Amino acid sequence: MLRLVWCWSASKNSRVEPARRVTAAVLGADRLQQNPGGNTRCFRHISHPPSYKSPLHHPQPACHLSPTVFMSMASGGEGPSSTPPQHTNRLAKERSPYLLQHAHNPVDWYPWGQDAFDKAKNEDKPIFLSVGYSTCHWCHVMERESFEDEELGRILSDNFVCIKVDREERPDVDKVYMNFVQATSGGGGWPMSVWLTPDLRPFIGGTYFPPRDHGRRPGLKTVLTRIMEQWQNNRPALESSGDRILEALKKGTTVAASPGESPPLATGVADRCFQQLAHSYEEEYGGFRDAPKFPTPVNLMFLMSYWSVNRSTSEGVEALQMALHTLRMMALGGIHDHVAQGFHRYSTDSSWHVPHFEKMLYDQAQLAVAYITASQVSGEQRFAEVAEDILRYVSRDLSDKSGGFYSAEDADSLPASGGREKREGAFCVWTASEVRELLPDVVEGTAGTSTQADIFMHHYGVKEQGNVAPEQDPHGELQGQNVLIVRYSVELTAARFGVSVEKVNELLASARTKMAEVRTSRPRPHLDTKMLASWNGLMLSAYARVGAVLGDKALLERAVQAGAFLQEHLWDGERQTILRSCYRGEQMEVQQISPPISGFLDDYTFIICGLLDLYEATLQTEWLQWAEELQLRQDTLFWDDQGGGYFCSDPSDSTVLLRLKEDQDGAEPSANSVSASNLLRLSHFTGRQDWLQRSQQLLAAFSDRLTKVPIALPEMVRSLMAQHYTIKQIVICGQRDAPDTTSLLAAVNSVFLPHKVTPHKTLCFPIHPSTQRFLLTSSLVAINYGPNSHIETSFLIVIAAINYA
């Protein structure tokens, strides 16, 4: 039925086996068994170490637990309490919302840092490292079940040095130990639990552990007891197995170019990437794989770029169909919040119906760009409306008055009916009786006495008994509830009730407004008010690109505000360093921790990309100048002079044991993929050939990955394609705010040109009116200079219409 609705517009490495055997001995053999039939509500995109990647490199589930375990676990956390906390640990002094969620556990938590490392060495104790993030459903579960347990808290505090890490604050730490967990257990996710030696070398790892044994599955108490015994009686074996797997990971995660190596041929790599995506494509509802389904904007952007250079081929047409159909189905599905806008994290079923309800900033940013790109390539207005819809949500619910953007909204919240136990999706779902009570008015002109509720319920699939299948609701949290999903086109709904399409649109819009008002009275989910440099860079790109395509001054002003926020609050001018994060204080002020966390590669890369998009959208040269400055700093901090490419974090940090270059475009594009594009764009903006060469060296470093498994790096394949196909320099010459300059810029932004840059020069003489008329009536035109012309001293003007089909 969903396919008819869019009518708005038209093999494992033997080197790790010793570590796996030790892990099995400590945690119990069942702990390492995979259960393909298990349901989960906490999936994430995980990048496996190279030796553990499948041919098509599909992401694996984070908490791959059996259905019986899932059924036994309650979800969410406790509601607010007026009772003073019984315990307070040193995490109470932190600013991370995730760390603060654990500030009153009866566990002697430390943040990641030298104090914890020194304690472990001085007392010769193993370290228990727990990693998660504040909107993680299963992190809440483990926190309530295990870390609030007095007995477990005492065992942890007495026998281990306990360190809590927010993976969004310290992605470098998370990546190192996630690689270890995946290699030794075959899966990974959050919460992540890893035990380390005092010198930070891991020897045992896993994800979620129930507090006590559950069937054949060992609980956290049993695991802690076994580790304590092994630490006392078999410590050399633990340490040596950890050392072996760490050395294997160092070799297996190395990404480097051979001397004189060139990037692979773009056309062959792009064709193979398309073929691998087509192989995993699910035709009925779009997306890749069956369930769970992730939005994967990196795949969709690649498919549209692939179409742009293969428009006359059947493969190009198929690529475009795959991208547009997926975007349509997501917009119709329950993963799209039809009442309060924005997109949830992923769908637990193949039809995009029942989501995991958290909302992440990076998803909103990338999906807004994907939808506005779809509007450019298809001409369908509905795609642009969805992009605006996303930014409306971000502006309302994820924006700080300083100009920054918050990280996420939780999946769990207290039910409106009352109670102290949070439930997933409680803020978003509806019973049929709620809808009928809210929308009781009889609609004149309908066949019979149909109410507004009847029309709304028909259109959005609301059922009296609820519309969530039991297999999508393992905890019974959504029993009798409805997740809104568009089941019919407006035309079919209008025909069903005998009213006009205009009337149905009016009724549905009115109903959504009323429901949004009701939602404001419900207990809201937890909001992670941490502001991350990298995700703010992604959102900067979204506002700049959507604003440019739509010619929306308000969106462009919001983009400028975001750029100013990054400069003011996440740039240390004295040290010439991006800062990873800042935080909302109790008085709504922006706060920073001391010492602040220095930025990682993705912070620089995503901000640079956002600044380039902002420059092209506004023609304000100060953003281009700052992008150049940041690129020079990125090169100094992270570039690998020996093998090419960028390290994810500062390679001089001795506490980070693996020097990683991320080699997967997953939930977010990898920083190296985006850097390859940034360097190419900057080389054309500035004329610096060294940046062009560096982009080529980067792509050469990833040659093996691009050649064998390009589906793992679709964003990098786009960058490789940009190297191959001639970059169009569309130089707009004129006074920046003049109407003709604005009109030329609007013409450039009206179509999808993935391989172009749009620099601006102030015009030294007027354009003749007849020339203006020609420019403004052409399909896509601008004053175009060659890449080597010096327009300050010599004016070689070419009026060029760039054909597009």
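Predicted model only: the values in this text are computed from it and were never measured.

Rules used throughout
Residues numbered from 1 in each chain as written. Predicted model: local features only at pLDDT ≥ 70, side-chain atom pairs only at ≥ 80, totals over all residues. Heavy atoms only, no water. Helix = DSSP H or I, 4+ residues; strand = E, 2+ residues; numbered from the N terminus. Polar contact = N/O pair within 3.5 Å; in protein donor to acceptor, adjacent residues only side chain to side chain. Contact = heavy atoms within 4.5 Å. Phe/Tyr/Trp six-rings, centres within 6.5 Å; stacked < 30°, edge-to-face > 60°. Buried < 20%, exposed > 50% of the residue type's maximum accessible area, 1.4 Å probe, protein only. Lys NZ or Arg CZ within 6 Å of the ring centre and 35° of its normal. Pairing = 2+ DSSP bridges. Axes fitted to C-alpha atoms, helices over the stretch in contact; angles between N-to-C directions. Parallel < 35°, antiparallel > 145°, perpendicular 65-115°, else oblique. Left-handed = near helix turned anticlockwise from the far one by under 90°. Nonpolar A, V, L, I, M, F, W, Y, C, P; charged D, E, K, R; others polar. Core = buried A, V, L, I, M, F, W, Y, C linked by side-chain atoms within 4.5 Å. pLDDT = per-residue confidence, 0-100.

> Explain the side chain of Asp-166 to me, please; I cannot follow it from the model alone.
On the secondary structure map, Asp-166 appears in strand E3 (residues 161-166). A polar side-chain atom of Asp-166 sits 2.9 Å from the main-chain amide nitrogen of Glu-168. At 3.2 Å, the side chain of Asp-166 and the side chain of Lys-530 are in polar contact. Apart from residues no more than four positions distant in its own chain, Asp-166 is found in contact with Ser-96, Tyr-98, Leu-99, Gly-132, Tyr-133 and Lys-530.

> How do you make sense of the packing of aromatic side chains when you look at a structure like this?
We describe a pair of aromatic rings using the distance from one ring centre to the other and the angle between the two ring planes. One pass over the structure, following the stated rule, counts 23 aromatic pairs. Measuring from ring centre to ring centre gives 5.1 Å for Trp-109 and Phe-147, while their planes differ by 85°; the resulting arrangement is edge-to-face. Of the two residues, Trp-109 is situated in strand E1 (residues 109-111) and Phe-147 in helix H5 (residues 137-147); the sequence distance between them amounts to 38 residues. Judged by its relative accessible area of 0%, Trp-109 falls in the buried class. With 4.9 Å between their ring centres and 75° between their planes, Trp-112 and Phe-117 make a pair best called edge-to-face. A single burial state applies to Trp-112 and to Phe-117, both of which are buried. Three or more aromatic residues joined by ring pairs form one cluster here, namely Trp-109, Phe-128, Phe-147, Trp-195 and Phe-209. Here the guanidinium or amino end of Arg-90 rests over the ring plane of Tyr-110, the centre of that ring lying 3.7 Å away.

> Mind showing me how you'd approach the sheet that holds strand E16 (residues 581-584) here?
The sheet built from three strands is open, its strands ordered E13-E16-E17 with antiparallel pairing. Every interior strand has two partners, whereas the edge strands, strand E13 (530-532) and strand E17 (590-591), have only one. The sheet contact formed by E16 and E17 spans two bridges and is antiparallel. Bridge pairing links Tyr-583 to Gln-591 in E17.

> In this structure, what is going on with the pairing of strand E4 (residues 192-196)? I would like to understand it.
Within a regular strand, side chains alternate between the sheet's two faces. Burial analysis of E4 places five of its five residues in the buried class, which makes it a mostly covered element. Burial along E4 is two-sided: the face carrying Met-192, Val-194 and Leu-196 and the face carrying Ser-193 and Trp-195 are both buried. Examined bridge by bridge, strand E2 (residues 127-132) and E4 share five bridges and lie antiparallel to one another. Bridged to Ser-130 within E4 is Ser-193.

> Which parts of the structure should I look at to understand the packing of helix H21 (residues 601-618) against helix H23 (residues 671-686)?
For any two helices packed against each other, one specifies the inter-axial angle together with the distance between the axes. Running from amino to carboxyl end, H21 crosses H23 at an angle of 40°, the nearest separation of the two axes being 9 Å. Compared by their axis directions, H21 and H23 come out oblique. For the crossing formed where H21 meets H23, the hand is left-handed. Here Leu-601, Asp-602, Thr-605, Phe-606, Ile-608, Cys-609, Leu-612, Asp-613, Tyr-615 and Glu-616 of H21 come into contact with H23, specifically with Ala-671, Asn-672, Val-674, Ser-675, Asn-678, Arg-681, Leu-682 and Phe-685. Residues belonging to the contact of H21 with H23 are distributed by class as follows: 10 nonpolar, four polar and four charged.

> Would you explain the sheet that holds strand E5 (residues 202-206) in this entry?
Neighbouring strands of a sheet are bound in pairs by backbone hydrogen bonds; such pairs are parallel or else antiparallel. An order of E1-E3-E2-E4-E5 is seen for the five strands of this open sheet, with the pairing classed as mixed. Each edge of the open sheet carries a strand with a single partner, namely E1 and E5. Averaged over all pairs of adjacent strands, the angle between their axes in this sheet comes to 25°, without regard to strand direction. Sheet topology note: the E4/E5 ladder contains four bridges and is antiparallel. Across the sheet, residue Leu-196 finds its bridge partner in E5, namely Pro-202. H5 rests against E1, E2, E3 and E4 of the sheet, and its axis sits at about 140° to E2.

> So what exactly am I meant to see when it comes to the nonpolar core here?
Side chains of a nonpolar character, in soluble globular proteins, are inclined to be buried together. In terms of nonpolar packing, the biggest core is built from 146 residues, with Phe-302 and Tyr-371 touching the most fellow members. Every residue in contact with Phe-302, bar those within four places of it in the chain, is listed here: Ala-270, Cys-273, Phe-274, Leu-277, Pro-714, Val-717, Arg-718 and Met-721. Core analysis: the next-biggest nonpolar cluster, separate from the first, contains 61 residues, Phe-117, Leu-156, Val-165 and Leu-246 among them.

> Help me understand the confidence of the model for the protein, please; the structure alone is not making it clear to me.
On average, residues of the protein score 86 in pLDDT, and 84% of them reach the 70 mark or higher. A low-confidence stretch, residues 1-5 (pLDDT under 50), is modelled with 19 contacts involving residues beyond four sequence positions or located in other chains. The low-confidence segment residues 29-79, where pLDDT is below 50, has 175 contacts with residues more than four positions distant or belonging to other chains.

> Looking at this model, I keep getting lost on the packing of H23 against helix H26 (residues 714-724). Mind explaining?
Running from amino to carboxyl end, H23 crosses H26 at an angle of 20°, the nearest separation of the two axes being 7 Å. It follows that H23 is roughly parallel to H26 by the angle criterion. Seen along the crossing, H23 lies across H26 with a hand that is left-handed. In contact with Asn-672, Ser-673, Val-674, Ala-676, Ser-677 and Leu-680 of H23, H26 contributes Glu-715, Met-716, Ser-719, Ala-722 and Gln-723. Across the contact of H23 with H26, the residue classes tally to five nonpolar, five polar and one charged.

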